[in-house]
Amino acid sequence: MMEDEAIVFVVDDDEPVREALKSLLRSVGWRVETFASAQEFLQRRRRDIPGCLVLDVRLPGLSGLDLQRELAVGDDQPPIIFISGHGDIPMTVRAMKAGAVEFLTKPFREQELLEAITQAIKQDRGARRQRAEITDLRARFGLLTPRERQVMGQVVAGLLNKQIAAELGASEITIKVHRGQVMQKMQAASLADLVRMAEKLGIPQNGS
Amino acid sequence: MTEIDSWQILTEALPQLIWAAAPDGACTYFSTQWTEYTGVPESEMLGWGWMALLHPDDTEPTRQYWMDSVAGRIQYDVEYRVRRWDGEYGWFKTRGTPVRNGNGNIVRWFGTCTDITDQKRAEEALRFSEQELREARRDLEKKVASRTAERMRAEEALRIAQADLAHVTRVTTIGEMAASIAHEVNQPLTAVVTNGSACIRWLSANPPNLDEARRAVGRIINDGNRAGEVIRRIRALVKNTPPQYECLDINELIREVTAIAHSEARRSGASIQTHLCENVPSIVGDRIQLQQVILNLAMNGMEAMSEVMEEPKEILVSSSSSGPNAIVVEVRDGGIGLDPENLTNLFSAFYTTKPSGMGMGLAISRSIVEAHGGRLWAEPNKPRGAVFRFSLPTQDENTL
């Protein structure tokens, strides 16, 4: 997973800056796609491989901060590194509070930019992995019958089979069978594993 | 009646003073008018006695003349001053005519003296007046010359003051644009540094990628030149040289101003669009001053739009012909518009709606346009905002 390709999206309305960044980032080995405006990026971006966004604040039409806000609404917001020819403190604070990885002022030092991008890509890989995991878990959870789901909820709450049987009005044997099914379908290696999965799925630990 | 009687009646009747003299020059007769004038009896004047009655300065010259005439050398036609009975001198024009005998010898002289005192006085008065007039005229000419020099100096000083004021306003505008100018230089600088880093990495690759490295360096050169262009434009605008009139393409001027101001527009969330008529005729004018006018109008438009929320915030600059002899430039914005109460004050010096403004921009713009033979005026824009237009005579019209 660490060896995956990564792509950097550059959004800046100044063409020479775009060209220079493209050359620099490609020399490091990343793929680069450049856009002259936020709208252009929204229309053509792809999210199939890990990446991040290098974004100027002042853009024609939708500004960089506006774009940040819009992307936050969706599920898979790419990490953002702001580069700006201006950069007053309030703007910087706003951007960082909204989750930007870094806020650099032009002309930025190569080292700072490359480190920020590296960090952002790592962050994105992690986020994608997590998302993939949850999707996976959800799929597995989807295979459970309603009864099995109930049982799972009780199991991760820490109840013994006997208690669960009493709770659900079924025999202990039946509960044991359900439990086995749950472990198998969820592909959990242990109870602790199952508990972790339940956490990730957001299943409340109270048996509902 | 004897000859003498007739003679006497005649001579006594004439206004002139009559005299007679012997061929040797001694006077033999003086009419009574002589005695009336001089107060001296005839007996004292006979012979050479009459010379004592002349003005001392005239005595010797007259004697010379008389003796030359008596000798037959010249006509006796002289002017001299005679002392009047009250001591004053009067001017007399004297003429003498010789009477000759059959042999051609002079036997007698007859002469008249005419009082030309008034004439003389008039002549002198005239000469004096003429002299005074000449002097007065000389004086006047000197005064006119010095006043003209003064006025030319004042006009020159005014021209310099206007140019200085226009210059100061330009510099102030540039000062207001400092942030966006810094940004404009910062962009190419960023690109240069980034390209430089890229170049080093391409060269450090294994194997080095000379192609990419070369391209990066090429871009560095272009970026550097771009920064130079920005500086050049700003320098041209803040120079303080006297106005230089030359043939200009107004579209070129508009494009330059758009390049200078686009970054500032971006800063206020606006954009500058142009709508240029391609075959607009050339005009004659000072490049920098006319750019100043366009820049002033565009900056005003941006300022007006910074206070409204509606998008898109656009300044539209357009050029067009207006009849065969003029062109028109229009700067249109969608800002807060003009105050109808103050429409006439808009172009007055020191009128401003900005809290920190001096109010000189439009006044100077108007004076520049008018100095170029044009007009600058404003109208409301629909649905909101303002349109500023100025006209300029075309090159042909100018040379007429």
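Structure: see above.
Since we're looking at a predicted model, the values are computed, not measured.

Trainee: Any details on the overall build of chain B? Residues and values, ideally.
Mentor: Helices and strands together make up the secondary structure of chain B, namely 11 helices and 12 strands. Put simply, chain B has 400 residues, and 40% of those count as buried. If you sum the accessible surface of chain B, you get close to 22500 Å²; carbon and sulfur atoms cover 54% of it.

Trainee: Requested: an account of the interface of chain A and chain B, with residues and values cited.
Mentor: Facing 23 residues of chain A, the contacting portion of chain B comprises 18 residues. Carbon and sulfur atoms supply 55% of the area buried between chain A and chain B, which totals about 1900 Å² over both sides. Taken as a group, Ser-23, Ser-27 and Pro-107 of chain A account for 21% of the area that chain A buries against chain B, more than any other trio of residues on that side. On inspection of chain A and its partner chain B, the count reaches four salt bridges. With its nearest N and O atoms 3.4 Å apart, the salt bridge here joins Arg-201 of chain B to Glu-110 of chain A.

Trainee: Let's hear about the nonpolar core: which residues, and what values?
Mentor: In this structure, Ile-250, Leu-297, Met-302, Phe-388, Phe-390 and Leu-392 of chain B are the most contacted members of the largest nonpolar core, which totals 49 residues. No other element matches the 10 residues that helix H9 (residues 287–305) of chain B contributes to this core. Among all residues touching Met-302 of chain B, those that are not within four sequence positions of it are Ala-261, Glu-264, Ala-265, Ser-268, Ile-272 and Ile-315 of chain B. Counting residues in each nonpolar core, the second largest holds 29 residues, with Val-10, Ala-20 and Leu-24 of chain A together with Ala-213 of chain B among its members.

Trainee: Lay out the sheet that holds strand E1 (residues 7–11) of chain A in plain terms, naming residues and giving numbers.
Mentor: Residue and element names in this part refer to chain A. Strand order in the open sheet made by the five strands is E2-E1-E3-E4-E5, with parallel pairing throughout. Unpaired on one side and paired on the other, strand E2 (31–35) and strand E5 (102–105) mark the two borders of the sheet. Taken pair by pair, the neighbouring strands of this sheet meet at an average axis angle of 20°, ignoring direction. Relative to the sheet, helix H1 (residues 15–28) contacts E1, E2, strand E3 (51–56) and strand E4 (80–84), its axis offset from that of E2 by approximately 170°.

Trainee: Any chance you could break down a positive patch on the surface for me, citing the residues and the numbers?
Mentor: Residues Arg-134, Arg-137, Arg-138 and Lys-142 of chain B make up a contiguous surface patch of positive charge. Structurally, Lys-142 of chain B is set in helix H5 (residues 117–176).

What counts and how
For every chain, the first residue of the written sequence is number 1, and numbering continues from 1 along that sequence. Labels are handed out in written order, letters beginning with A for the chains and numbers beginning with 1 for the ligands. Two thresholds apply to this predicted model, a pLDDT of at least 70 for residue-level local features and 80 or more for giving and counting side-chain atom pairs, whereas whole-chain, interface and lining totals are computed over all residues. Working from all heavy atoms in the structure, the side-chain values ignore hydrogens and water. To qualify as a helix, a DSSP run of H or I must reach at least 4 residues; to qualify as a strand, a run of E must reach at least 2; elements of each kind are numbered from the N terminus. Classification of residues uses two cut-offs on accessible area relative to the type maximum, computed with a 1.4 Å probe and protein chains only: under 20% is buried, over 50% is exposed, and between them is partly exposed. Accessible surface area values rest on a Shrake-Rupley calculation with a 1.4 Å probe, where residue burial reflects the displayed protein chains alone. Every residue pair with non-hydrogen atoms within 4.5 Å of one another is taken to be in contact. Defined in terms of a 1.4 Å probe, buried area is the accessible area two parts forfeit on being brought together, summed over both. One side-chain nitrogen of Lys or Arg within 4 Å of one carboxyl oxygen of Asp or Glu is enough to make a salt bridge. Only buried residues count toward a nonpolar core. Its members are Ala, Val, Leu, Ile, Met, Phe, Trp, Tyr and Cys residues joined through side-chain atoms within 4.5 Å. Only when DSSP finds a minimum of two bridges between them are two strands counted as paired. In this analysis, axes come from line fits to C-alpha atoms, helices being fitted only over the stretch in contact, and the angle between any two N-to-C directions falls in the range 0 to 180 degrees. Within the patch definition used here, like charges are joined within 9 Å and nonpolar side chains (Val, Leu, Ile, Met, Phe, Trp, Tyr) within 5 Å, considering only residues with over 30% relative accessible area and no salt bridge. Charge assignment: positive for Lys and Arg, negative for Asp and Glu; neither His nor the chain ends contribute. Charge positions come from single atoms, namely NZ of Lys, CZ of Arg, CG of Asp or CD of Glu.

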